[in-house]
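# Structural description and commentary
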Protein chains: 2
Amino acid sequence: MKALELDRARQTVRAVEKPKPEPAEGEALVRVLMAGICNTDLELAQGYMDFNGIPGHEFAGVVEECANDHLRGQRVVGEINCVCHQCAYCRMEMPRHCVNRTVLGILNRDGAFAEYITLPEENLHIIPKRVPEEAAVFAEPVAAAFRIPEQVRIEDGQRVVVLGDGKLGQLIAQVLGLRTKQLLCVGRHRWKLDLLAPLGIATALDTDPIEPGADLVVEVTGTPEGLNRALELVRPEGTVVLKTTVAEGAPIDMSRPVINEISIVGSRCGPFRPAVEALALGNVEVRPLISATYPLTEGPAAFERARQKDAIKVLLQP
Amino acid sequence: MKALELDRARQTVRAVEKPKPEPAEGEALVRVLMAGICNTDLELAQGYMDFNGIPGHEFAGVVEECANDHLRGQRVVGEINCVCHQCAYCRMEMPRHCVNRTVLGILNRDGAFAEYITLPEENLHIIPKRVPEEAAVFAEPVAAAFRIPEQVRIEDGQRVVVLGDGKLGQLIAQVLGLRTKQLLCVGRHRWKLDLLAPLGIATALDTDPIEPGADLVVEVTGTPEGLNRALELVRPEGTVVLKTTVAEGAPIDMSRPVINEISIVGSRCGPFRPAVEALALGNVEVRPLISATYPLTEGPAAFERARQKDAIKVLLQP
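Residues numbered from 1 in each chain as written. Chains lettered and ligands numbered in written order. Predicted model: local features only at pLDDT ≥ 70, side-chain atom pairs only at ≥ 80, totals over all residues. Heavy atoms only, no water.

## A look at helix α10 (residues 299-307) of chain B
For the record, the criterion: Burial classification: accessible surface area is computed with a 1.4 Å probe over protein chains only, and a residue below 20% of its type maximum counts as buried, one above 50% as exposed, and the rest as partly exposed. A run of H or I in DSSP becomes a helix once it reaches four residues, and a run of E becomes a strand once it reaches two; helices and strands are each numbered from the N terminus. Arc definition: it is the arc formed by the directions from the helix axis to the C-beta atoms.
Gly299(B), Ala302(B), Phe303(B), Arg305(B) and Ala306(B) are the residues of α10(B) that are buried. Along α10(B), the residues classed as buried sweep out an arc of 160° about the axis, all on the same side.

And the structure:
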């Protein structure tokens, strides 16, 4: 099958021929219809997670082989953590932290920048008919946005700042905007922020004066400096949700969170069910975020496009 | 009156004569009986908080002047944050985060390394008869330890690691040891850790193999590197309570808290009532922590002693 493989020497991917994967017991074989390039993929190409192989963890596909009649032939999206159900964290009902996990396209499991992937059947969620593939491919990052209200109580009237206007920042602003109207998305790109205006979400440039004292700041800048900025904007005893993973560490002034008794909450993958539902109901609008769609074989060009400042989401079509 | 003033050029204090302070309305004049040197005082001498004036925020004293008959003549300890009762945070019942606050010996208010201080009457707590001054002087750091169970739920059976065997680490280990028996205090000094053994608290040297996966890690090393170590020891979805304030920032690898969805909770001052009660009941044993007591006029020698590796708490007696 056709696939893209990391080319870490050149910090990109290269098109390769790979054997079609064989599903293990309990797994399905999924033909990929569409895949999305995430910032994590760009980081992987720069050495993050020390991953080698086929990246890609945002996808929509169709089940070609599996034991479950209910799934075969269906269009699906899939949770990316493949877990053991045996370890302490699985037993503590934190399967996404399974110590034996593989993660699609990130950790010990080939990903979705390929014609086919395998995933445990239990990871798959059927895509409702009204959701096209190019929207369904956003299920994984929308789920990551829905992780935040699982971790932090958000009440209407609370002041929320989303720091970052990129792919994930846009989705988080939309998802948290369902919970509070006191939401401000702060970014560095007027044109990206302007995509949120039709959705009724207030925006500001990072260079604008921004009133500090937010109850909750979501740090999703993708930069090492973002956390310090978030710590400036949050109120005492407030919460910073941290979504940014970057390859390098940054010097953080940790006296501020101590003096102001701020909680910093790391946040990673989230629940697919509300994400798929929000896509089906149109509560989250993803199509304006698509900057380009490339054939899978043009992976290097797609990665180059995804790195450009005027791109948001770049899709790959096998 | 005699007092010690910061000498930041020499990173220490110097003995000076100062006018006896005049209590404002609502304030009491307190004659200091005993004061304790905290790591924060050593940091202040190195430029932390950009404070000038008389440091010292751990004290026991006797009320010489005040409008309240109930307090006059009593031995007291005192909360260090002096607040406005008007600002948003005071109204949100977070007075310790008052934006107009002064803080005894730390922020815009002369401290307790002096013969006299003034503090709002509402800040004072009467010392029970059975508690001697050299124990009462620990009320402030013991209160800081009691802040942790206010912020984080601690249940018996949870695995707690206290990272740091210094002044505050010792007190935190004792206070949290009242909540869970699954507690380990990790430090760099065998002789300090050995003070905890008679209290039934398990200890380990930082160079010993320490099982990761703690539910809660309290970072109280006083070093910029402590947070990274805490992040190694805590389990996914666990909590790190951060007590260390250091003058400089350290590079923190923030992908670990994101991937493991760790909560980092800053923690500062705490409630005096349970602290004074624990001292009165003997639930917290502080006297083994006293390394030396100096007359106030020998402040520079006391600061030098407090910096030595074989010192824990150094007291000053006016």
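## A closer look at the confidence of the model for chain A
The condition is simple: On a range of 0 to 100, pLDDT expresses the predictor's confidence in each residue.
Residues with a pLDDT of 70 or more make up 99% of chain A, whose mean pLDDT is 95. Across the interfaces of the predicted complex, the ipTM metric reaches 0.93, alongside a pTM of 0.93.

## Digging into the relation of the copies chain A and chain B
Mapping one chain copy onto the other needs a rotation about an axis and a shift along that axis. The condition that has to hold: Copies overlap after least-squares fitting; the atoms used are the C-alpha atoms of residues with pLDDT of at least 70 in both. By definition in these notes, contact holds between two residues if any of their heavy atoms fall within 4.5 Å.
With an axial shift of 0.0 Å and an RMSD of 0.0 Å, the rotation relating chain A to chain B amounts to 180°. Taken together, the rotation and translation relating the two chain copies correspond to the operation of a two-fold axis. In terms of proximity to the rotation axis, the leading residue of chain A is Pro251(A), whose C-alpha is 1.9 Å off the axis. Mapped onto chain B, 100% of the interface residues of chain A are again interface residues, and the two copies thus contact each other with one and the same surface.

## Thoughts on the packing of aromatic side chains
The description of an aromatic ring pair rests on the distance of the ring centres and on the angle between the ring planes. Residues and elements named next belong to chain A. Operational definition: Under the pairing criterion, centres of Phe, Tyr and Trp rings, with the six-membered ring standing for Trp, must be within 6.5 Å; the plane angle then separates stacked pairs below 30 degrees from edge-to-face pairs above 60, leaving the rest tilted. Only when the NZ atom of a Lys or the CZ atom of an Arg is both within 6 Å of the ring centre and within 35 degrees of the ring normal do we say a charge sits over the ring.
Applying the stated criterion to the full structure yields two aromatic pairs over all chains. Each ring, one from phenylalanine 113 and one from phenylalanine 303, has its centre 6.0 Å from the other, and the planes form 90°; the classification is edge-to-face. Separated by 190 residues along the polypeptide, phenylalanine 113 in the loop between β7 (102-103) and β8 (116-120) and phenylalanine 303 in helix α10 (residues 299-307) bring together distant segments of the chain. Of the residues examined, phenylalanine 303 reaches a relative accessible area of 0% and is grouped as buried. Across the ring face of tyrosine 116, the terminal group of lysine 20 is positioned such that the distance to the ring centre comes to 4.5 Å.

## Comments concerning the pattern of salt bridges
Residues and elements named next belong to chain A. This is how the line gets drawn: One speaks of a salt bridge when a side-chain nitrogen belonging to Lys or Arg is within 4 Å of a carboxyl oxygen belonging to Asp or Glu.
Under the defined criterion, the tally for this structure stands at 40 salt bridges over all chains. Between aspartate 7 and arginine 10 there is a salt bridge, and its shortest N-O distance comes to 3.9 Å. Among the residues examined, arginine 10 registers a relative accessible area of 66% and is labelled exposed. Residues joined by salt bridges that share partners form a network here, namely Glu5, Asp7, Arg10, Arg14 and Lys18.

## Observations concerning the environment of Val162(A)
All names here are of chain A. With respect to the element layout, valine 162 can be found in strand β10 (residues 160-163). Valine 162 gets classed as buried once you look at its relative accessible area, which sits at 0%. When neighbours within four sequence positions are excluded, valine 162 is seen to be in contact with Gly169, Ile172, Ala173, Leu176, Leu183, Leu184, Cys185, Val186, Val218 and Val220.

## Details of the interface of chain A and chain B
When the parts of a complex come together, some accessible area is lost, and that lost area is often used as the size of the interface. Cut-off, in case you're wondering: In short, buried area is how much 1.4 Å probe accessible area vanishes from two parts on joining, totalled over both.
The partner chain B presents 39 residues to the 39 residues of chain A that form the contact. Together chain A and chain B conceal approximately 3000 Å² of surface at their shared face, both sides included; 59% is due to carbon and sulfur atoms. When the buried surface of chain A facing chain B is broken down by residue, Val258(A), Ile259(A) and Glu261(A) rank first, second and third, together holding 20% of it. Where chain A packs against chain B, one counts four salt bridges. Linking Glu237(A) and Arg147(B) is a salt bridge whose minimum nitrogen-to-oxygen distance equals 3.4 Å.

## Details of the domain arrangement of chain A
Residues and elements named next belong to chain A. Stated formally: Residue ranges assigned to the domains are those given by an automatic or database domain assignment.
Domain assignment breaks chain A into domain 1 (2-138 + 286-317) and domain 2 (145-266). Contacts between the two partners involve 15 residues from domain 1, matched on the other side by 11 residues from domain 2. Both faces considered, domain 1 and domain 2 share a buried interface measuring about 1200 Å² in area, 60% of it formed by carbon and sulfur atoms. Looking at the side of domain 1 facing domain 2, the largest losses of area belong to Tyr48, Leu289 and Ile312, adding up to 40% of the total buried there. On the surface where domain 1 and domain 2 come into contact, there are one salt bridge. For the salt bridge of arginine 96 with glutamate 150, the shortest nitrogen-to-oxygen distance reads 3.5 Å.

## With respect to the sheet that holds strand β14 (residues 234-242) of chain B
So the rule is basically this: Strands qualify as paired when DSSP identifies two bridges or more between them. Orientation is described by axes fitted as lines to C-alpha atoms, over the contacting stretch for helices, and by angles from 0 to 180 degrees between their N-to-C directions.
Taken in spatial order, the 12 strands of this open sheet run β12(A)-β11(A)-β10(A)-β13(A)-β14(A)-β16(A)-β16(B)-β14(B)-β13(B)-β10(B)-β11(B)-β12(B), and their pairing is mixed. Edge strands, defined here as strands with exactly one partner in the open sheet, are β12 (202-205) of chain A together with β12 (202-205) of chain B. Direction aside, neighbouring strands of the sheet carry axes that sit 20° apart on average. Here helix α7 (residues 226-233) of chain B sits on the sheet and contacts β10 (160-163), β13 (214-219), β14 and β16 (263-266) of chain B; the angle it forms with β14(B), its principal contact strand, is near 150°.

## As for the environment of Val286(B)
All names here are of chain B. With respect to the helices, strands and loops of the structure, valine 286 is situated in the loop between α9 (272-281) and β17 (290-295). Expressed as a C-alpha distance, the spacing of valine 286 and lysine 313, which sit 27 residues apart in the sequence, is 9.4 Å. In this structure, valine 286 is in contact with Ala135, Phe138, Leu171 and Leu279, ignoring residues within four places of it in sequence.

## Structural notes on the packing of helix α4 (residues 139-151) of chain A against helix α9 (residues 272-281) of chain A
All names here are of chain A. The following threshold applies: A clockwise turn of the near helix away from the far one marks a right-handed crossing, whereas an anticlockwise turn of less than a right angle marks a left-handed crossing.
The geometry of α4 relative to α9 is characterised by a closest axis approach of 8 Å and an angle of 115° between their N-to-C directions. The handedness of the crossing between α4 and α9 comes out as right-handed. Only Phe272, Pro274, Ala275, Val276, Ala278 and Leu279 of α9 make contact with α4, whose side of the interface consists of Ala139, Glu140, Val142, Ala143 and Phe146.

## Comments concerning unusual backbone geometry
Its identity is not glycine, yet Met49(A) carries a phi of approximately 70°, on the positive side. Positionally, Met49(A) belongs in the loop between α1 (39-45) and β4 (58-65). Despite not being glycine, Glu93(B) shows a phi value in the positive range, around 60°. For Glu93(B), the position within the fold is in the loop between α2 (88-91) and β7 (102-103). Glu93(B) gets classed as exposed once you look at its relative accessible area, which sits at 71%.

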